[in-house]
Each structure stands twice: as structure tokens, then as C-alpha cells.
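Residue-level listing of the chains:
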Amino acid sequence: MGVDLPILWAIIIGFGLMMYVVMDGFDLGIGLLFPFIRARSDRDTMVNTVAPVWDGNETWLVLGGAGMLAAFPLAYAVLLSALYLPLVAMLAGLIWRGVAFEFRFKADAAHRPFWDKAFAWGSYIAAFSQGVALGAFINGFHVTGPSYQGGALDWLTPFSIFTGFGLLVAYALLGSTWLIMKTEGALQQRMIALAQPVTIVLLVVIGIVSLWTPLAHPEVAARWFSLPNIIFFAPVPLLTLATAWAMLNALRREPHVLPFLLALFLLFLGYSGLAISLWPNIIPPAVSIWAAAGPPQSLGFALVGALFIIPIILAYTSWSYYVFRGKVRVGEGYH
Amino acid sequence: MAALARNDVRAPLFLRFAILMGPAGIVAILAGWITTEVGRQPWAVYNVMRTADAVSNHSAIELTGTLVLFIVMYFAVFGTGLSYMLKLVAKGPDVTGPEAEPGKIQRPARPLSGAPDVDPLAPASGEG
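Residues numbered from 1 in each chain as written. Chains lettered and ligands numbered in written order. Predicted model: local features only at pLDDT ≥ 70, side-chain atom pairs only at ≥ 80, totals over all residues.

With that settled, the discussion passes to the overall build of chain A. When you go through chain A residue by residue, the secondary structure sums to 15 helices and four strands. Relative to the 2.2 N^0.38 estimate, which gives 20 Å for 335 residues, the radius of gyration of chain A is 20 Å and therefore close to what a compact globule would have. Projected onto its principal axes, the C-alpha positions of chain A cover 55 × 40 × 40 Å. Here chain A, with 335 residues, has 45% of them falling under the buried criterion. Pairs at least 24 apart in sequence give 77% of the contacts found in chain A among residues at least 6 apart. (Helix = DSSP H or I, 4+ residues; strand = E, 2+ residues; numbered from the N terminus. Rg over C-alpha atoms; globule rule 2.2 N^0.38 Å. Buried ≥ 20, exposed ≤ 12 C-beta atoms within 10 Å, placed from the backbone. Contact = placed C-beta atoms within 7 Å.)

This paragraph deals with the overall build of chain B. Within chain B one finds four helices and two strands. Mapped in sequence order, the helices and strands of chain B form the string α-α-β-β-α-α. Within chain B, buried positions represent 2% of all 128 residues.

Before going further, it helps to spend a moment on the nonpolar core. Residues and elements named next belong to chain A. Val78, Tyr171, Leu173 and Leu174 are the most contacted members of the largest nonpolar core, which totals 101 residues. Of the residues forming this core, the biggest block, 15 residues, is contributed by helix H1 (residues 5–33). Setting aside its immediate chain neighbours within four residues, Val78 contacts Phe141, Val143, Ser147, Tyr148 and Ile283. (Core = buried A, V, L, I, M, F, W, Y, C linked by C-beta atoms within 7 Å.)

Before going further, it helps to spend a moment on the packing of H1 of chain A against helix H15 (residues 296–323) of chain A. All names here are of chain A. Interhelical geometry of H1 versus H15 gives an angle of 40° and a closest axis separation of 10 Å. On the basis of the axis angle, H1 is oblique to H15. Read as a crossing pair, H1 and H15 show a hand that is left-handed. Taking contact as the criterion, the partners of Leu5, Pro6, Leu8, Trp9 and Ile12 in H1 are, on H15, Pro296, Leu299, Gly300, Leu303 and Ala306. Here the contact of H1 with H15 is composed, by residue class, of nine nonpolar, one polar and no charged. (Axes fitted to C-alpha atoms, helices over the stretch in contact; angles between N-to-C directions. Parallel < 35°, antiparallel > 145°, perpendicular 65-115°, else oblique. Left-handed = near helix turned anticlockwise from the far one by under 90°. Nonpolar A, V, L, I, M, F, W, Y, C, P; charged D, E, K, R; others polar.)

Attention now goes to the domain arrangement of chain B. Where the parts come together, the accessible area they lose is often given as the size of the interface. Here the domain parsing of chain B yields domain 1 (10–55) and domain 2 (56–91). The C-alpha-based centres of domain 1 of chain B and domain 2 of chain B are spaced at 19 Å. (Domains from an automatic or database assignment.)

Turning our eyes to something else, we now look at unusual backbone geometry. Trp279 of chain A connects to Pro280 of chain A through a cis peptide bond whose omega is 0°. Pro285 of chain A follows Pro284 of chain A through a cis peptide bond whose omega is 5°. Among the secondary structure elements, Pro285 of chain A is positioned in the loop between strand S3 (281–283) and strand S4 (287–288). Positive phi values are uncommon outside glycine, yet Asn47 of chain B reaches one of about 65°. Structurally, Asn47 of chain B can be placed in the loop between strand S1 (43–45) and strand S2 (49–50).

Looking now at the environment of Ile282 of chain A. Residue placement: Ile282 of chain A occurs in strand S3. Note on Ile282 of chain A: 27 C-beta atoms within 10 Å, which makes it buried.

This paragraph deals with the confidence of the model for chain A. Looking at chain A as a whole, its pLDDT mean stands at 90, while 99% of the residues score no less than 70. Within chain A, the lowest mean pLDDT, 80, falls on strand S2 (residues 147–148) of chain A, and the highest, 95, falls on helix H8 (residues 158–182) of chain A. (pLDDT = per-residue confidence, 0-100.)

We now examine the packing of H1 of chain A against helix H4 (residues 59–71) of chain A. All names here are of chain A. Following both chains from N to C, one finds H1 and H4 inclined at 160°, their axes separated by 8 Å at the closest point. As the angle between them shows, H1 and H4 are arranged roughly antiparallel. You can see that H1 and H4 cross each other, and the crossing is left-handed. Contact residues: H1 offers Trp9, Ile12, Ile13, Gly16, Leu17, Met19, Tyr20, Met23 and Asp24, while H4 offers Trp60, Leu61, Leu63, Gly64, Gly67, Met68 and Ala71. Taken together, the residues of the contact of H1 with H4 break down into 12 nonpolar, three polar and one charged.

All names here are of chain A. Helix length check: helix H7 (residues 112–139), at 28 residues, gives a terminal C-alpha distance of 41 Å against a target of 40 Å (1.5 Å per residue), a fit within 8%. Across the 28 residues that make up H7, a large majority, 22, are buried. Remark: Gly140 follows H7 within two positions and exhibits a positive phi of approximately 95°. (Expected span 1.5 Å × (residues − 1).)

Attention now moves to helix H13 (residues 258–278) of chain A. The terminal C-alpha atoms of H13 of chain A lie 30 Å apart, and with 21 residues this matches the ideal 30 Å at 1.5 Å per residue to within 8%. Among all positions in H13 of chain A, only Pro259, Phe260, Leu262, Ala263, Leu266, Leu267, Leu269, Gly270, Ser277 and Leu278 of chain A are buried.

Our next topic: the environment of Gly145 of chain A. All names here are of chain A. Along the chain, the position of Gly145 falls in the loop between strand S1 (143–144) and S2. Gly145 sits in the exposed class, given 6 other C-beta atoms within 10 Å. Separated by 71 residues in the primary sequence, Gly145 and Leu74 place their C-alpha atoms 9.4 Å from one another.

Close inspection of predicted coordinates is inappropriate in any region flagged by low pLDDT. All names here are of chain B. A residue-level look at chain B finds 67% of positions with pLDDT of 70 or above and a mean pLDDT of 76. Long-range and interchain partners of residues 114–128, a stretch whose pLDDT sits below 50, account for 23 contacts in this model, where long-range means more than four residues apart. For this predicted complex, the interface confidence comes out at an ipTM of 0.80, alongside a pTM of 0.86.

As a further point, take the environment of Phe233 of chain A. Residue and element names in this part refer to chain A. By secondary structure assignment, the location of Phe233 is in helix H11 (residues 229–233). In this structure Phe233 comes out as partly exposed when scored by C-beta crowding, with 17 C-beta atoms within 10 Å. Between the C-alpha atom of Phe233 and that of Gly273, which follows or precedes it by 40 residues, the distance is 8.5 Å. Here Phe233 is in contact with Trp224 and Ile276, once residues within four sequence places are set aside.

Pasting the structure below:
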């Protein structure tokens, strides 16, 4: 066989997961910013900026999960079992904020504050649990044979709690820069003011994770700090600093689209850093994509479907963003 | 059966039957699902893997807790949605309102628009 199917599938799932993180990231970020914005009309505008696209954003989570079941059944079994509690919490959060999208516009006036709270709390719980799951993933899992052998609370470590808070910051930056692009006037000014400290905090978070990971995992340190790797990988931290600097500059001049693009790039850099640290493991610290892959027939069969469906998803996604492009004004909305 | 005149969609007996058919789809889904799940026991994958070999090592407390969480959440969320839908049913179709004017697009109210569709608190929309 000429193609390395597990590598191809790792790229597809990695791509799907990254699309999920950046896309659901900014609409979860809208919920995270709710406590900072009290006026009902502003909150309505915030929700209206993502109402047409948010559920499409979660397509990528389904694609990543289903792709993993098809291509890396071992990873699917172990990871979902090991991360059971944080993922249940994530789903609970996503359910509450998902229905709140509809209910906060349709409910009786007396119920609306409740659905606003459900929207914000659901977003916080979903984003925090994703960050915790990410931290636990970096820390690695106790695996023997085909099953997860660790305890129900192995995911709970100081590091995973830290990455939980870290992801909140990352999503808040995506959300605020999205709103800078999609709104105007006082709400936009508020977001510009918020995005500045959030950028700085995110830079600190990225710095701490970048030190904590190699200190806790010698193999990660060896990956980054040996020659010639250190030269090849140096652009990642350098570009991260440059992007954060460009972000702070952009926020000082009348910003529009640029901060959101820079936030996407910052997330992409962080994601690349993680990929460099963990490659080629799909169940850190020891199970590689080749060890976890299903039979080549399954990978080949599912690949045909994936190569059909991914361009279609990308096409309709960009179409819907194009249709709903531009600023969203007070009172405008699609539900 | 005399009341059920041929082709009369407003016959009371037919309307009552139509109401009963509302939940029939859900009943059919659940019945089919239970039949499959019970029917293939003791196999998780028929003739390949037994259910006993497929279980994770999560504790009964952990699984019961999360199951109860989902049940409570689903009752809350679906209960609220259902109450908004029943409100819409109680309101009935709007055949005489301003939407019935000629030239206006008529469409049924959306499932969750039991409360007024236009937000009385929202300012008038700007020019798009």
C-alpha cells in the first residue's frame, strides 16, 4: 500500500478537531463573555452574531469522534472511557447552552434570566471540561492491552485544572475578537477593551503550559530541546510572540477583522505546539497512531466517505458564513 | 362510524385519532430500539463480542450518577420545550391576523414560538 493510512487519518481527525476548537471556540466564547455584558439588547446582538452558524460549528466534533471510531477504535475506546466524566460534563454544558439559544428568545419574559444563566453556565462548563480533557490527554493514560486501566478520576490533576482555565481564556479571546468583527459601537468598544488583557493572560497561559509540559514529561523536553529540532520548531514560540504583539497593536487602531484572524492563528500555533509535543501518539504517553489504527480495509473504506463529505462540509460552512457576513446590528437576527 | 364522512378531515373521530398518532413515532422508535438492544443479548457485537467482555471498568456509582444527571436534564429541557409547544397549540392557528393580508408570506409558527415571536423589548431593527 502506497499511502500511510493512519497518517492520513491522523491529519483528518487533527484537522477536524482544530476546526472544532476554533469554531465552537468563538461561539462558546460568546457565552463566556455574557457575565461582562449586562444589557439585554447587547446580549441579544451577541447571540445573533453566532445564531446562524453555531450548530454547524459542532459538526466538526462529530466528525472527529466518528472518524476516530472508524480509524482508531482503540483510541476511541480508551480516551472516551478515561475522559468519561469531563466529557459528560461537556455534553451537559453543551445541552444547556444549545437549548438556551432558542429558549432565551422564545421563553416568557419571566423565564429569560434563567435561560441567560443557562447559556453562560453551559458555555463555562463545556469550555472548562474541554480544557480539563485536553490537560488529561497531554498527561497521558494508563493503558494495558485494549482497555483503559486507570481510575475514574485520573483526569483530575493540577495541570488539567490549569488547562481548563487556560482554554476559557483562549475561547474568551476568540469570542471577543469575533464580536469586534461582527459588532459596532459601544459593544465593539467594550470587546476591544476586554480583548487586550485577555491576550496578555492567554500569552502567560501558553507560556506556563509550554514550560510545565516539558518539565513534567522528559520525552516532550527531548522532542523540543534537542538539535536540530530546536531550530525547526523555534518558529512556533517566536510566531506566537509576534502574533500576540500584532494583536495588541491591532487592538489599539480601529480594529475590524484582523484581531479575529490573529486569534485564529494564535490558536493554530498552540495546537501545532501540542501536535509537536505528542506526535505520533494518539493515546499518550505510549500508544502511537499505527498501534491504535483499525485494519487497513476499514481505514480505506471510511476514507472514501471522508474525502467526499469533508469538501461538502467546508463548502456549505463557508457559504453560510458568506451569507451571514458583515456587522450584526441591534434587533437584527435569525433564529 | 357515521360521523366519519368520506374525505372529511374535520371529522371529530379522525381528529382524535390524529392526536393519538402524535406520540406514535416516539413509541415506535423506543419499541424498535428496545427490541434490538434486548434481542441481541448476550452479545454487544453479535457472535463476536459478549456484553460482559465489552464493559468498561467504571463503577456503578459513576454510571448511575451520570445516567440520573441525563434523565433529570432531559426532563427539564424537553419538559420546557413541550410546555412552549403546548402553549402554541392552545393558541391555535392564526387565520385572521395581520399575516393573512394578501401579499404577505404566510407560514406556520415555528415550534418554539409559543411566546410572541417579536420581542417587545427589542428596539426596531436598523436598515440592513
